[in-house]
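Below are the chains, spelled out letter by letter.
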Amino acid sequence: MGKTGLQLSVLSYGSWVTFHKQVGDALADELMGIAYDNGVNFFDNAEVYARGESEKLMGRVLKAKSWDRTSYTVSSKVFFGWRGTDNKPNQTGLSRKHITEACHEALQRLQVDYLDLYFCHRPDKTVPIEEVVWTMNTLIQQGKILYWGTSEWSGVEIMEAHRVANEYRLIGPAMEQPQYNLLERYKVEVDYDLIYKTVGLGTTIWSPLAAGLLTGKYNNGIPEDSRFALEGFDWLKDRWVVDDKLAKVKELTAFAGELGVPVSTLSIAWCISNPNVTTAILGATKKEQLLENLKALDVLPKLTPEVLQRIEDIMQSKPARAEF
Ligand SMILES: NC(=O)c1ccc[n+]([C@@H]2O[C@H](COP(=O)([O-])OP(=O)(O)OC[C@H]3O[C@@H](n4cnc5c(N)ncnc54)[C@H](OP(=O)(O)O)[C@@H]3O)[C@@H](O)[C@H]2O)c1
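One structure accompanies this document, and this report is about it. Not measured: the values here are computed from a predicted model. (Residues numbered from 1 in each chain as written. Predicted model: local features only at pLDDT ≥ 70, side-chain atom pairs only at ≥ 80, totals over all residues. Heavy atoms only, no water.)

**Some thoughts on the site of the ligand**
Move 1: Taken together, 33 residues lie near the ligand, and Gln22, Asp44, Ser207, Lys217 and Thr285 sit nearest.
Move 2: Between Trp16 and the ligand, the recorded distance is 2.9 Å, taken from a backbone N or O atom to an oxygen atom.
Move 3: When the ligand sits alone it has 910 Å² of accessible area, and the protein chains cover 96% of it.
Move 4: Because more than half of its atoms lie within 2 Å of the grid, the ligand is assigned to the largest pocket.
Move 5: Where the shell around the ligand is concerned, the elements lending two or more residues are strand E8 (279-282) and helix H11 (287-294).
Move 6: Class assignment for the residues of the shell around the ligand results in 11 nonpolar, 16 polar and 6 charged. (Near = heavy atom within 4 Å. Polar contact = N/O pair within 3.5 Å; in protein donor to acceptor, adjacent residues only side chain to side chain. Areas by Shrake-Rupley, 256 points an atom, 1.4 Å probe, with all protein chains shown as cover. 1 Å grid on protein atoms, 1.4 Å probe; cavity = no way out; pocket = protein on both sides within 12 Å on 5 of 7 lines; lining within 4 Å. Sits in = over half its atoms within 2 Å of the grid points. Helix = DSSP H or I, 4+ residues; strand = E, 2+ residues; numbered from the N terminus. Nonpolar A, V, L, I, M, F, W, Y, C, P; charged D, E, K, R; others polar.)

Right under this line is the structure:
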């Protein structure tokens, strides 16, 4: 992962939306088992997912599995709190108080002694960056977390954390968790470009399928048992199910057909073909989905320069770089 010594599987498994809401204990046990048996060694979580219930569920599965703790990594993220609209001051954000308390709560809910990765789920402009870096460094010294990172921070914010870490000889952020898929590319391809080369940055990218849009399942409407049909997720549907994006996905689906692969695996393979992507976090509510998505590794060799160019021509999503 980035310049660290940690090795993450190139495909990983996360629980946002799914755990507790769509996936109960038995299915989570089956899905995490399939992931692990196929080489996945990173499971992603956050305090805010299902208001803490997602971490509790993952914790129950991890406990029941009794996998060797050294054989997998597990994460949490701090920022949003887990009490929703009942969050009081100090129960969200990146203050020393909330980062520390959220870490302790995550350890309890996940039933683990330490988190391998701990993310600041968003930047917090109200807290001095020194406080964040010092707190994360302390948690590392205490053995409660092993690596800390950011999620959806700008390149400038990440570098400011490194400047402070350097100044005080502390450990800076090792990884970032940005959205990355064929329709959302700016941060990974432009904003962080220098950071991969300078301090070294690992990336654990999220929504490789644009929440399911890039599976083609929405090409002809919204299936009843899909994420965009869930109550309370209109904002996500409105973001993705728009004419120009659907038109591109339909064309990409046809091209995947020509290659003889599902558009979902083609889309995931495209993400991990970027050498700056450490791991793509998969989401899945069904065994068949996970088994299909794990095949992305087999599709990688099909991504020749010609195929990649065809994908660019269809998607027209390459982010522009500043020209001077
Ligand atoms: N740091 C952050 O801010 C942040 C934000 C979002 C996510 N994340 C992390 O990234 C992980 C992955 O994100 P994501 O769940 O949005 O990933 P995604 O791969 O873009 O979407 C996954 C969803 O698409 C559908 N799907 C997946 N494979 C499919 C297939 N082969 N055929 C048909 N439908 C399929 C399933 O939903 P349905 O079956 O319900 O349709 C599945 O839950 C999360 O679990 C979380 O750990 C982090």
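**Details of the packing of helix H2 (residues 53-65) against helix H3 (residues 96-110)**
Move 1: Contact geometry for H2 and H3: axes closest at 7 Å, N-to-C directions at 45°. When the axis of H2 is compared with that of H3, the two are oblique. Packed against H2, whose contacting residues are Glu55, Lys56, Met58 and Gly59, the element H3 presents Ala106, Arg109 and Leu110 at the interface.
Move 2: Residue composition of the contact of H2 with H3, by class: 3 nonpolar, 1 polar and 3 charged. (Axes fitted to C-alpha atoms, helices over the stretch in contact; angles between N-to-C directions. Parallel < 35°, antiparallel > 145°, perpendicular 65-115°, else oblique. Contact = heavy atoms within 4.5 Å.)

**Things to note about the nonpolar core**
Move 1: Core analysis: the largest hydrophobic core is formed by 93 residues, its most contacted members being Tyr13, Tyr118 and Ile311.
Move 2: Sorting elements by how many residues they give to this core places helix H10 (residues 263-272) first, with 7 residues. (Core = buried A, V, L, I, M, F, W, Y, C linked by side-chain atoms within 4.5 Å. Buried < 20%, exposed > 50% of the residue type's maximum accessible area, 1.4 Å probe, protein only.)

**Looking at the side chain of Glu189**
Move 1: Residue placement: Glu189 occurs in helix H6 (residues 186-191).
Move 2: Side chain to side chain, Glu189 and Arg185 meet in a polar contact 2.8 Å long.
Move 3: Discounting chain neighbours no more than four positions away, the residues touching Glu189 are Tyr180, Trp270, Asn274, Pro319 and Arg321.

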